[in-house]
Each structure stands twice: as C-alpha cells, then as structure tokens.
Amino acid sequence: MITRLAIAGYRSLRDVRLMLEPLTVVTGANGSGKSSLYRALRLLADVAQGRVVQSLAREGGLPSTLWAGPESFSRAMKRGEQPVQGTVRKNPISVRLGFSGEDYGYAIDLGLPIPSRSAFTRDPVIKAESVWTGEVLGRANAFAVRNGPGVRIRDDGGEWRQVFTNLATFDSMMTHCSDPREAVELLVLRERMRDWRFYDHFRSDNEAPARRPQVGTYTPVLSGDGTDLAAAVQTIRETGDAEALDAAIADAFPGAAVEVAAVDGYFELEMHQRGLLRPLKAAELSDGTLRYLLLIAALLSPRPPALMVLNEPETSLHPDLLAPLARLIIQAARRTQVIVVSHAQPLVSELDGQRNARRIVLDKQLGETIIVDDEPPLWTWPTR
Ligand SMILES: Nc1ncnc2c1ncn2[C@@H]1O[C@H](COP(=O)(O)OP(=O)(O)O)[C@@H](O)[C@H]1O
Ligand SMILES: [Mg+2]
C-alpha cells in the first residue's frame with residue numbers, strides 16, 4: 001500500500017505531501033488542483049512504463065507543467081503586504097514526484113537540460129532518482145540512486161556498485177536496471193507501479209467504443225477507454241465474482257440484469273430492464289447507465305491491482321447512482337487501494353465515513369494548491 005505521496009513544482013502543486021489510506025478521497029473546489037494531482041499520479045505510473053518524459057512533453061513540456069509561481073512565498077507575500085514576485089532562485093528548476101509505502105519508496109526529479117547545441121533544448125531530463133527502504137528517504141536507507149547519467153546500487157553487503165555511467169536523460173533507472181541479480185527490489189517496485197490502474201472519464205457518447213460489439217477475449221482488466229466492456233463483464237461472470245456483479249447491477253438499477261450476447265465471437269452487452277419487452281443493447285443505453293456499467297466492470301475486476309485511481313467517477317451519473325457507486329467503491333477498497341478524485345459531495349461524505357478512509361480537501365492560496373487541515377508527512381527528496 002502507498003502511504004505517502006509527494007509532488008513538487010508540478011502545475012499548481014508547488015509543494016504537496018499527502019498521507020494515503022486504503023481508501024482516499026480527494027476533493028476541493030474547481031481549480032483547486034484535483035486533476036493536477038491525478039495527472040501527477042499518472043506521471044509516476046508512466047515512469048515504470050518508460051514514458052514519463054514523453055508524457056510530460058505531451059502536456060507541453062516543463063515550461064507549461066512547471067509551477068508558474070515563485071519558488072517560495074515570503075511571509076509578507078502571504079499576508080498580502082508585498083506583491084507576489086519572482087525571487088532569485090535558490091534551487092534549480094524541477095518537477096519532483098515520489099511515493100512510499102511501508103516497504104519501499106521512490107522519487108524522481110525532472111529538470112531542464114544543460115544548454116547545448118542540441119535541438120532538444122526544452123526536453124525534460126531525468127536529473128535524479130532514488131529507491132529506498134521504508135517510508136522516508138534518509139542517509140542510510142537508499143539502495144538505488146541515480147544522479148544524471150550514473151546509477152549506483154547498494155548490494156546486500158552494503159557496498160555501492162556503479163551499474164550505469166551513461167544512462168540517457170530520458171531513460172529511468174526503473175526500466176533500465178532490470179537485471180534481477182542487481183536489484184530485485186527495483187523490479188518488484190516497477191512491476192507494482194505498472195499494475196496501477198487509472199480510470200478517467202469513460203467515453204459514453206454515441207460513437208463510444210463501449211457501445212459497439214467487440215471481439216471478445218478474456219479481459220480481467222477493463223481498458224482505460226472501456227472498449228472491452230462486454231468482454232470484461234463476461235470475464236467477471238465466468239472467472240470472477242458473478243454474484244457481486246449481479247448485486248452491483250441490482251443495487252444501482254433495481255429489477256435490471258445484464259447479459260453478454262456472443263455472436264460469431266463478437267460480444268455485445270444487453271440490459272434487461274423492468275417494463276421493457278426486449279433488452280436494450282449497449283448502443284441504446286443512456287450515458288449515465290453505460291458509464292455506471294463501465295465503473296462496475298472496472299471496480300469488480302477479477303484481477304484487482306495494488307492501486308486504482310478514479311478521476312471524477314460521478315461525471316454524468318444520475319444523483320441516485322452516487323450511493324450505489326459509493327458502496328461499489330467501498331467494496332473494491334477491501335481488495336485494492338483506491339484513490340477517488342471527486343467533486344460530488346454525497347459521494348465524498350459516503351466514502352469518508354468509512355473506516356480506513358481519509359478525505360483530503362484541496363484549496364488554493366495565491367495560486368498554489370494547499371491541503372486543508374492536514375499536517376504534511378515527513379518527506380525528503382533525492383538530491384541532484
Ligand atoms: N503551471 C502551472 N502553475 C500554476 N498553476 C497552474 C499551472 N497550470 C495550471 N495551473 C492552475 O492549476 C489549477 C488547478 O487545476 P486543476 O487541477 O485542473 O483543478 P481541478 O481539477 O481541481 O478543477 C488551475 O486553476 C490552473 O489554472
Ligand atoms: Mg478537474
């Protein structure tokens with residue numbers, strides 16, 4: 001389980017540190033930084049997939065993702081006695097992301113390249129990375145350290161060994177130190193990060209892929225866009241918790257049942273509803289119903305991940321569906337750590353009332369995301 005998350009220099013998250021629980025709900029007003037937090041988590045997951053630099057570049061590169069305010073606020077600026085202005089930087093420009101759990105922690109520091117004749121002068125580069133044991137990086141507990149192109153790994157006897165001297169600026173040690181004899185912990189951590197699952201605004205428009213019949217193959221993990229909904233539902237029915245599936249559908253849509261019709265290998269979802277003479281096909285379902293079925297398929301996955309992150313799952317759901325959605329999420333959180341980013345008060349309070357749940361309220365002060373009423377946990381970043 002992830003217990004701490006830290007983000008610095010990314011969009012409105014100038015310096016944010018959070019404690020996470022098995023179920024964490026992140027909420028806050030519009031523009032308070034909820035989506036930025038979600039994206040920061042995705043970027044961390046991208047590290048393990050070897051594409052963090054590309055993802056940052058796609059967001060507009062460091063110039064647009066970097067915190068746009070001053071490096072720090074003086075007291076006078078905070079009190080409004082002095083205008084907010086840039087000060088002479090004490091530290092280099094950087095976007096830093098990190099997390100830790102009870103066993104391991106990881107952090108990455110991305111910055112700008114050293115000026116050169118290269119055409120890639122704005123490409124983000126990986127400046128430093130660390131993997132450590134325990135929750136907080138200290139002097140003695142790091143066991144894999146990257147500084148620029150060099151990577152050192154500490155062996156069982158405590159001796160440091162240089163395993164790379166020329167790692168490319170866009171390659172992470174998490175994907176490139178993959179020799180299990182060198183550091184099996186690195187592999188374990190990377191595989192865990194690769195397993196993190198993100199669901200963000202399923203498409204439910206008329207052209208949405210989830211509305212069309214699809215070739216059905218075993219699908220223990222619903223894809224991010226929900227294309228394979230019918231196959232995922234059938235996989236739950238055949239290899240997962242079919243009872244929970246039916247119960248979740250009945251909880252949200254009393255009297256309704258979902259079946260998957262397979263014709264020539266093509267799977268299509270059909271929903272039987274009270275009062276109708278024939279089942280409705282996925283193409284005919286309302287936006288909200290389709291989205292809810294997608295959420296059911298995601299949350300009842302027969303292969304639960306270590307971490308699942310949902311971004312505004314309430315979007316386009318009827319208010320009556322929020323209570324069943326809360327129950328579904330609570331059920332999933334028994335098997336998987338869940339982070340829900342949500343703007344819907346009824347959903348937030350329902351989830352927050354649970355044991356092992358934590359509510360994180362974001363607010364904005366002088367353009368910066370702050371965590372309301374929460375003491376930031378101890379955290380240290382790797383040094384360059
Ligand atoms: N580089 C940046 N530096 C500082 N603030 C930024 C930067 N990029 C975006 N923002 C601001 O961050 C705020 C948070 O946005 P977002 O995470 O989308 O909020 P929410 O999802 O809570 O509505 C927005 O008001 C946006 O203007
Ligand atoms: Mg948002």
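Residues numbered from 1 in each chain as written. Chains lettered and ligands numbered in written order. Predicted model: local features only at pLDDT ≥ 70, side-chain atom pairs only at ≥ 80, totals over all residues. Heavy atoms only, no water.

Colleague: Can you walk me through the site of ligand 1 in this structure?
Modeller: Around ligand 1 lies a shell of 16 residues, among which G31, S35, S36, L66 and K364 are the nearest. Between ligand 1 and the protein, one listed contact pairs an oxygen atom with a side-chain N or O atom of K364 at 2.5 Å. When ligand 1 sits alone it has 580 Å² of accessible area, and the protein chains cover 70% of it. Listed by contribution, the elements that provide at least two residues to the shell around ligand 1 are α1 (34–48) and α3 (61–65). (Near = heavy atom within 4 Å. Polar contact = N/O pair within 3.5 Å; in protein donor to acceptor, adjacent residues only side chain to side chain. Areas by Shrake-Rupley, 256 points an atom, 1.4 Å probe, with all protein chains shown as cover. Helix = DSSP H or I, 4+ residues; strand = E, 2+ residues; numbered from the N terminus.)

Colleague: What is the right way to look at the domain arrangement of the chain in this model?
Modeller: Frequently, the measure chosen for interface size is the accessible area that the parts lose on association. Domain parsing of the chain yields domain 1 (2–196 + 362–371) and domain 2 (203–286). Relative placement of domain 1 and domain 2: their C-alpha centres are 38 Å apart. (Domains from an automatic or database assignment.)

Colleague: What is the right way to read the sheet that holds strand β16 (residues 337–341) from this model?
Modeller: Hydrogen bonds between backbone groups are what pair the strands of a sheet, and the pairing can be parallel or antiparallel. Read across the sheet, six strands follow the order β10-β15-β16-β3-β17-β18 without closing on themselves; strand pairing throughout is mixed. At either end of the open sheet lies a strand with only one pairing partner, and these are β10 (197–200) and β18 (368–371). Strand after strand, the sheet turns through a mean of 20° between neighbouring axes, direction not considered. Here strand β15 (residues 307–311) runs beside β16; their pairing, made up of five bridges, is parallel. The partner of L310 across the bridge, within β16, is V340. Its contacts with the sheet put α1 on β3 (23–28), β10, β15, β16 and β17 (357–365), and the angle it makes with β10 is roughly 145°. In the packing of helix α10 (residues 322–332) onto the sheet, the strands contacted are β3, β15 and β16, and the crossing angle to β16 comes to about 150°. (Pairing = 2+ DSSP bridges. Axes fitted to C-alpha atoms, helices over the stretch in contact; angles between N-to-C directions. Contact = heavy atoms within 4.5 Å.)

Colleague: I tried to follow the sheet that holds strand β8 (residues 150–154) on my own but got confused; where do I start?
Modeller: The strand order across the open sheet built from eight strands is β2-β1-β4-β5-β6-β7-β8-β9, with neighbouring strands paired in antiparallel fashion. Two strands lie at the open edges of the sheet, namely β2 (13–19) and β9 (160–164), each paired on one side alone. The average undirected angle you get between the axes of adjacent strands in this sheet is 10°. Here strand β1 (residues 2–10) runs beside β2; their pairing, made up of six bridges, is antiparallel.

Colleague: Please explain the pattern of salt bridges as it appears in this structure.
Modeller: Between side chains of opposite charge, a pair can form as their charged atoms come close. Per the counting criterion, the structure on display carries 23 salt bridges. R203 is paired through a salt bridge with D205; the nearest N and O atoms lie 2.9 Å apart. Sharing partners across several salt bridges, the network here consists of R11, R39 and E59. (Salt bridge = Lys/Arg side-chain N within 4 Å of Asp/Glu carboxyl O.)

Colleague: What should I look at first to understand the side chain of S204 in this one?
Modeller: Mapping S204 onto the fold places it in the loop between β10 and β11 (214–215). Non-local contacts of S204, meaning those with residues more than four positions away in its chain, are made with R211, D287, L290 and R291.

Colleague: I tried to follow the pairing of β18 on my own but got confused; where do I start?
Modeller: Within a regular strand, side chains alternate between the sheet's two faces. The pairing of β17 with β18 spans four bridges and is classified as antiparallel. Its bridge partner being in β18, D363 is matched across the sheet by I370. Hairpin connection from β17 to β18: two residues lie between these consecutive antiparallel strands, with L366 at a positive phi of about 50°.

Colleague: Is there a simple way to explain the environment of I360 in this structure?
Modeller: Turning to its location among the elements, I360 is positioned in strand β17. According to the relative accessible area criterion, I360 is buried, its value standing at 0%. Along the sequence, I360 and V131 sit 229 residues apart, while their C-alpha atoms lie 26 Å from each other. Leaving out residues up to four positions away in the same chain, I360 has contacts with L18, M19, L20, T24, V25, V26, T27 and I371. (Buried < 20%, exposed > 50% of the residue type's maximum accessible area, 1.4 Å probe, protein only.)

Colleague: Looking at this structure, I do not really get the packing of aromatic side chains. What am I missing?
Modeller: Evaluation of the coordinates by the stated rule reveals nine aromatic pairs. Arranged with centres 6.4 Å apart and planes meeting at 50°, the rings of F99 and Y106 form a pair that is tilted. A residue is classified by how much of its surface remains accessible, and Y106, at 0% relative accessible area, is buried. With 5.4 Å between their ring centres and 35° between their planes, Y199 and F202 make a pair best called tilted. (Phe/Tyr/Trp six-rings, centres within 6.5 Å; stacked < 30°, edge-to-face > 60°.)

Colleague: I keep staring at unusual backbone geometry and nothing clicks. Help me out?
Modeller: Glycine aside, negative phi is the norm for most residues, and most peptide bonds take the trans geometry. Positioned with a positive phi, R11 is a non-glycine residue whose angle comes to about 50°. Within the secondary structure layout, R11 lies in the loop between β1 and β2. By relative accessible area, which is 22% here, R11 ends up partly exposed. Non-glycine residue E312 carries a positive phi angle of around 45°. For E312, the location among the structural elements is in the loop between β15 and α10.

Colleague: Could you clarify how one ought to interpret the packing of α10 against helix α11 (residues 345–352) in this entry?
Modeller: Two measures define how a pair of helices packs: the angle their axes make with one another and the distance between the axes. Running from N to C, α10 and α11 cross one another at 35°; their axes reach a closest spacing of 9 Å. Regarding α10 and α11, the two cross each other, and that crossing is right-handed. Here α10 contributes L322, L325, A326, I329 and I330 to the contact with α11, which in turn contributes P346, L347, E350 and L351. Considered class by class, the residues forming the contact of α10 with α11 number eight nonpolar, no polar and one charged. (Left-handed = near helix turned anticlockwise from the far one by under 90°. Nonpolar A, V, L, I, M, F, W, Y, C, P; charged D, E, K, R; others polar.)

Colleague: I keep staring at the nonpolar core and nothing clicks. Help me out?
Modeller: Here is a general trend for soluble globular proteins: nonpolar side chains tend to be buried in one another's company. Within the largest apolar cluster, 56 residues are counted, with the highest numbers of intra-cluster contacts made by L229, L293 and I329. Tallying contributions element by element places helix α9 (residues 287–299) first for this core, with nine residues. Apart from the residues within four sequence positions on either side, I329 is in contact with L23, L299, L310, V338, V340, L347 and L351. If you look at the next biggest cluster of nonpolar residues, it comprises 54 residues, including V26, V47, M193 and I339. (Core = buried A, V, L, I, M, F, W, Y, C linked by side-chain atoms within 4.5 Å.)

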